[in-house]
Each structure stands twice: as C-alpha cells, then as structure tokens.
Amino acid sequence: MRVCKGSSRSSPRPWAGYPEGMVRTSAPEDAYTAEPFVPGRGGLVALRRAAAECRGCPLHRDATQTVFGSGDADARVMLVGEQPGDQEDRQGKPFVGPAGKLLDRALEEAGIDPSEAYVTNAVKHFKFTQAEPRKRRIHKAPSLREMTACGPWLAAELAVVEPELIVVLGATAGKALLGSSFRVTQVRGTVLEEEIHGRPERLVPTVHPSSVLRSDDREAAYRGLVSDLKVAADALS
C-alpha cells in the first residue's frame, strides 16, 4: 500500500510559535519549553534548522545533537516514538538503530512502505545515564515535563505534514500526545479520534519496537506489533 499523498499542497501554513525575527535564545532552560525556538513559518527544512539550536530544556547539554523527524513532508502516516537512542543521537536521524530496523520490517509486513512515512519522536534529545566516561550510555525515559517542553516541535511537525493517521509507538509517545493517563496496553491496535495540539487526529497506538527486542518471547511480541500496524494500514486504505 502506498502511503504518500498523491497531490501537491500549497506552501506550509504557519503554526503556533513566536513571531519571526524575535530573539529565540532568550528563554532560560528552566522554563522547559521549546516554543521560543520554533520559527513562525517555513517547512520542515526551517524547522529542522531551528531545532538544532533548541535550548528549551536541559536535555541538550549532554546529547550529541538534536534528532529531528525525517521523511516525506506529504506522508499520509506519521510514526511518533519516544526519544532518540544511542545510535540516533550519534547519527542525527530517528529510528536508525536496531529498533528502527525492526520497525521497518514490521511496517513492510503490515503493508506500509516505511520510505513513504514520516518518523519522529516526542522528545528530540537523547536522555541517558552513564556510569563514567566511555562507558555505555543507558537510555532513561524522559519526564512528563521534558515531553511537554518538546511539544511545540511535534505540534509544528503535525501542522506541516498534516498526516491522515498517527501511529503512536509506545507509552511515552502516547502520554506526550494523549496525556499522562494513557496506557498502551488498553488501546493498542485500535483507531482513536482525538484533538492533538488543536487539530482533530486519528491515531493507532502500539508498542515501541524496542520493547519487542527486550521481550522474552520476541516472536510473539513482533507478531503483535505487525497486527497493530495492519490496523493502521487498513485505516489508510
């Protein structure tokens, strides 16, 4: 199934943010909001360039770089994960590590071409713990405050891409989009209709592909992920 929109769209409309020309680096990190760094207009290129300079929360201090979303600006489906992992932080692209490779395989099996989707994360900087320098960096889940701080970036991506469907990958992404009461086990594999950042959206929640890699029964977990993604494919048909 082809998931890319077939018709062209007029230039992207503005989204909520500070007016263009306003100084965006004046907000202190303890304000925990990316809003001053989000440009008032432009497309994904402008967003990605601005996000590289985001200092909206302290997570940027330890991360290698901002990892912004990637993919087709006219994609019918947007996949939203939690945050970059170690490989994503080093390469500057989302879902390029083992979980990303598994996700691509599951999408293809479900009938969605991963090259025609837009993929991003609720949080754009890698949060981790590290016992000492040169030791392995261990993923640490972002807090609700950090997810909220990064919300303006996700809102801007949604405003530009205008996907027909959002696939929610895991509990953290679900909480960022749907609130702290979200439980992926209760709604996975269903089509939800909710207002997200002021826009009516359809969403299909499922588990994060990294949870499949950690599962004791990896095959069963993978089959469950594919089953949920088939619901998304059907919703786009």
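Residues numbered from 1 in each chain as written. Predicted model: local features only at pLDDT ≥ 70, side-chain atom pairs only at ≥ 80, totals over all residues. Heavy atoms only, no water.

## Section: the overall build of the chain
In step 1: Scanning the chain from terminus to terminus reveals eight helices and eight strands.
In step 2: Long-range pairs, those at least 24 residues apart, make up 72% of the contacts in the chain with a sequence separation of at least 6.
In step 3: In the form shown here, the chain has an accessible surface area of approximately 11400 Å², with 47% of it arising from carbon and sulfur atoms. (Helix = DSSP H or I, 4+ residues; strand = E, 2+ residues; numbered from the N terminus. Contact = heavy atoms within 4.5 Å. Areas by Shrake-Rupley, 256 points an atom, 1.4 Å probe, with all protein chains shown as cover.)

## Brief notes about the confidence of the model for the chain
In step 1: Confidence along the chain averages 89 in pLDDT terms, with 88% of residues attaining 70 or more.
In step 2: Within the model, the stretch residues 1-27 combines pLDDT values under 50 with 66 contacts to residues more than four positions away or in other chains. (pLDDT = per-residue confidence, 0-100.)

## Section: the pairing of strand S7 (residues 192-196)
In step 1: Across five bridges, the pairing between S7 and strand S8 (residues 199-206) is antiparallel. Each residue of the ladder has a partner; that of Leu192, found in S8, is Leu203.
In step 2: Taking the residues that link successive antiparallel strands as the turn, the S7-S8 hairpin has two residues, and the phi of His197 there is positive, at about 50°. (Pairing = 2+ DSSP bridges.)

## Overview of the nonpolar core
In step 1: Core analysis: the biggest nonpolar cluster contains 27 residues, and Leu47, Trp153 and Leu177 have the highest contact counts within it.
In step 2: Going through the elements one at a time, helix H1 (44-51), strand S2 (77-81), helix H4 (144-161), strand S6 (165-169), helix H5 (171-178) and S7 are the ones with two or more residues in this core.
In step 3: With seven residues, the top contributor of residues to this core is H4.
In step 4: Excluding residues within four positions of it along the chain, Trp153 makes contact with Ala34, Phe37, Val38, Pro39, Leu47, Ala50, Ala51, Cys54, Phe68 and Lys124.
In step 5: Membership of the second largest hydrophobic core comes to 26 residues, among which are Leu79, Ala117, Leu165 and Val204. (Core = buried A, V, L, I, M, F, W, Y, C linked by side-chain atoms within 4.5 Å. Buried < 20%, exposed > 50% of the residue type's maximum accessible area, 1.4 Å probe, protein only.)

## Examining the sheet that holds strand S1 (residues 70-71)
In step 1: The sheet built from six strands is open, its strands ordered S1-S3-S2-S6-S8-S7 with mixed pairing. Only two strands of the sheet have a single partner each, and these edge strands are S1 and S7.

## Considerations on the pattern of salt bridges
A pair can form between side chains of opposite charge whenever their charged atoms are brought close.
In step 1: Summed over all chains, the structure comprises 10 salt bridges.
In step 2: A salt bridge links Lys127 to Glu146, with the nearest nitrogen and oxygen atoms 2.9 Å apart. Highlighted residues: Lys127 in the loop between strand S3 (118-121) and strand S4 (128-129) and Glu146 in helix H4, separated in sequence by 19 residues.
In step 3: Relative accessible area serves as the criterion here: at 14%, Lys127 is assigned to the buried category.
In step 4: Given the relative accessible area of 9%, Glu146 is considered buried.
In step 5: One salt bridge in this structure joins Glu162 and Arg199, with 3.9 Å as the shortest N-O distance. With a gap of 37 residues between them, Glu162 in the loop between H4 and S6 and Arg199 in strand S8 connect regions that are remote in the sequence.
In step 6: Taking the relative accessible area as the measure of exposure, Glu162 reaches 24% and is therefore partly exposed.
In step 7: Classification of Arg199 by relative accessible area gives buried; the value is 17%.
In step 8: Among the ionic contacts, a cluster of salt bridges with common partners joins Asp86, Asp89, Arg90 and Arg137. (Salt bridge = Lys/Arg side-chain N within 4 Å of Asp/Glu carboxyl O.)

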